[in-house]
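Notes for the structure review
Letter by letter, the chains look like this.
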Amino acid sequence: MSGKKKNVVTLIVLCALLVVCLVLYFVIPRNTGEKEDNTADTTEEQSDSESISLDSIATNQIKSVTVTKKKKKVWSLKKKNKSWSLVGKEAAPVNEETVSSILENVKPVTATQKFENQSGDLSLYGLDKPELTISIVTTDGAIYHYEIGSEVPKSDMGYYGKCSGRDEIYCLNSAFVKAFDVSGTSLIKMDELPEIDEDYLTAITVQNKEGKDFAAKKVSDAEKVDFYSNWNITAPYAKPLATSQSEWSTVLGYFTSLAYEEMVEYDSRNLQKYCLKNPQAVISVNYYQAKKGYTPSATATPDANALGNSSSESSYVIPENKRDYKSLHLYVGKKTGDSYYVCEQGKKNVYKMSAGTVENITGLDAYTNMDHCVYSVLATSIKGYDVTYGDTTLKVTRKSVAKDDSESAATPEATPMATENGTAVGNATDSSQKNIWTLNGKKISDDDERDFLSPYSLAYLLEYSGKAKDSVKPESEEPVLTIVYHEDKRDVTVKYLPYDGINFYRVEKNGMDYFLVDKLSVDDVIEKFKGIEKFAK
């Protein structure tokens, strides 16, 4: 082939390649993301950094908003007398703040890119059958209509969309799309659960359809199981239990921090589909608040009943005649994901509540949250105690008397309390007072006081270590150790009874005998008490 012919062939090939390149240039869409086989014919006219203002709608001129998803109306709002109502659920209270927040996204409506659809195929953008349509009508009769397609590939900037009055396709701002892509239920104002002050709680109850119930109530001094606890656990056991001083505030916090996550259905006509007709559990909270018009003053006296098992900063007293007693009853339905369906007794609005919150409450266990100390009152806070083991009975009395001048001068500060394993049991902290102890009528000298009180200190450390089983039949029902504590207004009797003969004794405290204590620890206490018999001789 001659050189001239070769040049002609080369020129023809180059021209063909140029034509192919031109076709690809004008046919293949060019945008910030990459599309697969369904990429449309587009021409990019704006860079990512630019913002295109499409419409700017005065929110106070909007009189209706309608959102449709896949040709099915999701929700529609209409304004009347400056208030919004949900079409079809006019009785439902609309959350005006939520609506205002949504409408903020129309001033202006913006896009991040504009495309020219040269192929005319809207399906490539998801706009042949729009995922979402938004229609806004203003008081001057203007209609703004937005059709939302698929999300722009590999871009978190927006969605393909079309606007009424424009032929172009835009990348509509994500915030705009997501603001309107919500359920109609989310526009309804949720019921508010009451704000409950921990110190104004009076009782809590959990009734479980499956599993054990749990209940507790705040009690008077006469009803207290434990000197330091003003709450008693009253269920599931027939006899009340004292609450744990370290854990109880956490338990009460479960009931004072109840909160809905979201509304599921307003005015439900079928509670049974959420298992709320016959609920899995019923949570009840009894409490009081200040009557309307009365505010507890910062100068008021702190609530004495709030001390112990309560918050670190006690609330102020609300006088009885200024208290408004209330109760909350919450039904718990079936679990859905990380939440449970719940509704308030007497209402038909269904909500979701955190599974963690619900399970913390419905899973409450009496043994876990009770005071595990068998008897936790200091020796210096009672009048005395009687100890019986075998045929021996030791009677201990305490009397507080004023120190004479020489004693006061010798001890200008409070006398340290005697301890056994770190437990304070000795003299009262008032430096002007001293304790006079007697054992079976014989006075204990100051030098012997520490040794004399050491058995009490060891008994003070005894803790419940498990639940007793009625199926275990001990060889004897006679207590191996009985201690009767004489408080100012009552006696507390604790008996340590045979159980399995190996590891445990069963404890009976004023008739409550559900729990066990370590056998060796009790045997050590008995030996300690035997060691102070000499002080009675």
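Our subject is the structure listed above.
Residues numbered from 1 in each chain as written. Predicted model: local features only at pLDDT ≥ 70, side-chain atom pairs only at ≥ 80, totals over all residues. Heavy atoms only, no water.

**Points about helix 5 (residues 355–362)**
When helix 5 is considered as a whole, its buried residues turn out to be Ala 355, Val 358, Ile 361 and Thr 362. End-on, the buried residues of helix 5 take up no more than an arc of 140 degrees, which puts them together on one face. Contacts from the buried residues of helix 5 go to strand 10 (201–208), helix 4 (248–256), strand 15 (281–290), strand 16 (323–336), strand 17 (339–344) and strand 18 (350–354). The N-cap residue of helix 5 is Ser 354: its side-chain oxygen and the backbone nitrogen of Gly 356 are 3.2 Å apart. (Buried < 20%, exposed > 50% of the residue type's maximum accessible area, 1.4 Å probe, protein only. Helix = DSSP H or I, 4+ residues; strand = E, 2+ residues; numbered from the N terminus. Arc of directions from axis to C-beta. Contact = heavy atoms within 4.5 Å. Polar contact = N/O pair within 3.5 Å; in protein donor to acceptor, adjacent residues only side chain to side chain.)

**Details of the packing of aromatic side chains**
Enumeration over the complete set of coordinates arrives at 21 aromatic pairs. Considering the side-chain rings of Tyr 385 and Tyr 456, the 4.9 Å spacing of their centres and the 45 degrees angle between planes classify their relative orientation as tilted. Of this pair, Tyr 385 sits in strand 19 (residues 384–389) while Tyr 456 sits in helix 8 (residues 449–460), and the two are 71 residues apart along the sequence. In this structure Tyr 385 comes out as buried when scored by relative accessible area, which is 1%. These aromatic residues form a ring-pair network of at least three members: Tyr 237, Tyr 367, Tyr 464, Tyr 514 and Phe 515. If you follow Arg 323 out to its NZ or CZ, it ends over the ring of Tyr 288, 4.3 Å from the centre. (Phe/Tyr/Trp six-rings, centres within 6.5 Å; stacked < 30°, edge-to-face > 60°. Lys NZ or Arg CZ within 6 Å of the ring centre and 35° of its normal.)

**Re the sheet that holds strand 25 (residues 464–467)**
Pairing is antiparallel across the open sheet formed by 9 strands, whose spatial order is 24-23-20-19-26-27-28-29-25. Both edges of this open sheet fall to strand 24 (442–443) and strand 25, since each of them pairs with a single strand only. The pairing of strand 27 (residues 491–498) with strand 28 (residues 504–509) spans 5 bridges and is antiparallel. Looking across to strand 28, one finds that Tyr 496 is bridged to Val 507. Along the sheet, helix 8 contacts strand 19, strand 20 (392–402), strand 23 (433–439) and strand 26 (481–486); its crossing angle with strand 23, the most-contacted strand, is approximately 80 degrees. Lying over the sheet, helix 9 (residues 519–531) contacts strand 19, strand 20, strand 26, strand 27, strand 28 and strand 29 (512–518), oriented at roughly 85 degrees with respect to strand 29. (Pairing = 2+ DSSP bridges. Axes fitted to C-alpha atoms, helices over the stretch in contact; angles between N-to-C directions.)

**Quick notes on helix 2 (residues 96–103)**
When helix 2 is considered as a whole, its buried residues turn out to be Val 99, Ile 102 and Leu 103. Projected down its long axis, helix 2 carries its buried residues within an arc of 95 degrees, all on one side. Where helix 2 begins, the capping side chain belongs to Asn 95, and its oxygen is found 3.1 Å from the backbone nitrogen of Glu 97.

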